[in-house]
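Reading the structure
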Amino acid sequence: MGSYYVQVCLRCRSLLCSKTTATTWNFSTQVRQCTTVTRGADKILNGSSFFRGSHRTTQARQGWKPQVFCYSDLTAKHLATESKDGKFTEELSRADVVAYKSPLLPVSDAVPGSESQMPLDLDAAAEVSALEVISDEEAISIPVPDAMPPASTSLKDYVDKSETLGKLVQLGVDLWKLEQRPNVGSMLLRLDFNTDVAPRLLFLKEIGVEESRFGYIITHNPFILTASLENLQTRVNYLKSKKFSSETVASMVSRAPYLLNFSVKRLDNRMGFFQQQLNLSASNTRDIVARLPRLLCGSLEHVKENLKVCEIELGFKANEIQHIVIAVPKVLTASKRRLTQIFDLIHNTMKVPHHLITKFPQVLNTKYLRVRERHLFLNYLGKAQYDPNLPNYISLDRLVSLPNETFCTELASASLEDFYVFQKTL
């Protein structure tokens, strides 16, 4: 009988091909067996008392329930049962055969197997639950991947973790200057070098900017890394349409990093302003802007103030101001204090008239201390003579442009040591 039941079980397994289906079939067989026990005459199961009515049905179900989930190894279980009760095993075997020939219950309604029937997953068993309590030593030993600091007051904490910052440092960008500006540091951390930074650098290289100037440009204008490439190209095309050469445009961008951040309309308005205020030709306007491109980037109020200072306080005429600006465009961006101080020294102390200052406007862009020391030394020697109509004339150009040694030998007729000793007396 035991071997017969083994053959039946193997046949069932091969036909159903699923433990879930086998469980369903066994459960169906047990339900039928319970029905037979309930409806038939009173029987004794394993020495139990007589069952009647619904009480008998409940007891039968309770007797079969633990056996439903014990069929993972059908052969061993039922061989053991046969040794205990041969008659019961025979009835069970026959019932199983009959149940096998009868229709099966749907697989979707099958009772789920127990944990012992579930396949064993060693990988899942090795995983540690996130809710599992571990000791402090185990927590310390858990490897934690390096990550960027959540917050910092310095970009140096992110250089080793951010590819963008690392490449910017290699280009010569001064991160310590950028981190002092609000929101610039967080903006740089959000940039991707390949998609954001590299295309802008290639654009600058294509318009002729030298690679050695990349660090200077980004340090002073990091927002060029977020500007649209289309807008940048449009502004370059505008400058070229105004007859600026490619070399001039590259030089202007290198010396005025914010130049390409302004719209074409603003650039055109700035060009028109200088041309109208100074009554300049297009060629002279282009020359001034090319030599001092930050005129297109800075505030026009300061330029207007300097023009009023030259006209009202310093007493220059319109044509003289025009000549001075063409020769020295920095006069338009110089501080008012410095401009009036150097003019007071030249005009009121050295007694140089306006037309001579206009003839040598570079003197207005010279350091005040340099002009004062040389004038006082010449005056000490009795050679401070700046009138071209008198003998021993000393031009303003040579006064401010010659190096100390040449100034002493050619203009002062003294040694360099004498000039240094005189400087100590001031």
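Before reading further, recall that the structure is shown in the block above.
Notes on the structure in this doc start here. What you see is a predicted model; the values in this text were computed from it and never measured. (Residues numbered from 1 in each chain as written. Predicted model: local features only at pLDDT ≥ 70, side-chain atom pairs only at ≥ 80, totals over all residues. Heavy atoms only, no water.)

1. Regarding the packing of helix H8 (residues 163-171) against helix H11 (residues 193-206)
It is the contact of H8 with H11, at a shortest axis distance of 10 Å, that shows an interaxial angle of 25°. The angle between H8 and H11 falls in the class roughly parallel. The two elements H8 and H11 cross, and the hand of that crossing is right-handed. Across the interface between the two elements, Glu163, Thr164, Lys167, Leu168 and Leu171 of H8 pack against Phe193, Asn194, Val197 and Leu201 of H11. In the contact of H8 with H11, the residues fall into five nonpolar, two polar and two charged. (Axes fitted to C-alpha atoms, helices over the stretch in contact; angles between N-to-C directions. Helix = DSSP H or I, 4+ residues; strand = E, 2+ residues; numbered from the N terminus. Parallel < 35°, antiparallel > 145°, perpendicular 65-115°, else oblique. Left-handed = near helix turned anticlockwise from the far one by under 90°. Contact = heavy atoms within 4.5 Å. Nonpolar A, V, L, I, M, F, W, Y, C, P; charged D, E, K, R; others polar.)

2. Observations concerning the pattern of salt bridges
It is possible for side chains bearing opposite charge to pair when their charged atoms get close. In the structure shown here, the tally under the stated rule is eight salt bridges. A salt bridge links Lys167 to Glu163; the nearest nitrogen and oxygen atoms lie 3.4 Å apart. Highlighted residues: Lys167 and Glu163, both in helix H8, separated by four residues, approximately one helical turn. As a salt-bridge pair, Lys336 and Glu313 come within 3.4 Å of each other at their nearest N and O atoms. (Salt bridge = Lys/Arg side-chain N within 4 Å of Asp/Glu carboxyl O.)

3. What about the environment of Glu206?
Residue position: Glu206 is located in helix H11. Between the alpha carbons of Glu206 and Ala250 there is a distance of 9.5 Å; along the sequence they are 44 residues apart.

4. Notes on the packing of aromatic side chains
Scanning the entire structure with this criterion turns up eight aromatic pairs. Ring geometry for Phe273 against Phe274: centres 5.3 Å apart, planes inclined by 75°, an arrangement best described as edge-to-face. Here Phe273 and Phe274 have matching classes, each one buried. Arranged with centres 5.5 Å apart and planes meeting at 65°, the rings of Phe316 and Phe343 form a pair that is edge-to-face. With Phe316 in the loop between helix H17 (300-313) and helix H18 (318-327) and Phe343 in helix H19 (residues 336-349), the pair connects residues that are 27 residues apart, well separated along the chain. Phe316 gets classed as buried once you look at its relative accessible area, which sits at 3%. Members of the aromatic cluster, connected to one another through ring pairs, are Phe377, Tyr380, Phe407, Phe419, Tyr420 and Phe422. Positioned above the aromatic ring of Phe193, the side-chain terminus of Lys167 is 4.5 Å from the ring centre. (Phe/Tyr/Trp six-rings, centres within 6.5 Å; stacked < 30°, edge-to-face > 60°. Buried < 20%, exposed > 50% of the residue type's maximum accessible area, 1.4 Å probe, protein only. Lys NZ or Arg CZ within 6 Å of the ring centre and 35° of its normal.)

5. Quick word on the nonpolar core
Of all hydrophobic cores here, the largest spans 48 residues; its most connected members are Met350, Leu396, Leu399 and Phe407. Beyond its immediate stretch of four places on either side in the chain, Met350 contacts Leu345, Val371, His375, Tyr386, Leu396 and Leu399. If you look at the next biggest cluster of nonpolar residues, it comprises 43 residues, including Val184, Ala227, Val253 and Phe262. (Core = buried A, V, L, I, M, F, W, Y, C linked by side-chain atoms within 4.5 Å.)

6. Focus on empty space enclosed by the protein
Counted by the stated rule, this structure contains one cavity of 30 Å³ or more. Approximately 40 Å³ is the volume found for the largest cavity. Lining the largest cavity are Asn306, Leu307, Cys310, Ile321, Ile324, Val325, Val331 and Leu332. At the level of secondary structure, the elements contributing two or more residues to the lining of the largest cavity comprise H17 and H18. A class-by-class count of the residues in the lining of the largest cavity yields seven nonpolar, one polar and no charged. (1 Å grid on protein atoms, 1.4 Å probe; cavity = no way out; pocket = protein on both sides within 12 Å on 5 of 7 lines; lining within 4 Å. Points joined across faces, edges and corners; volume = space filled by probe spheres on them.)

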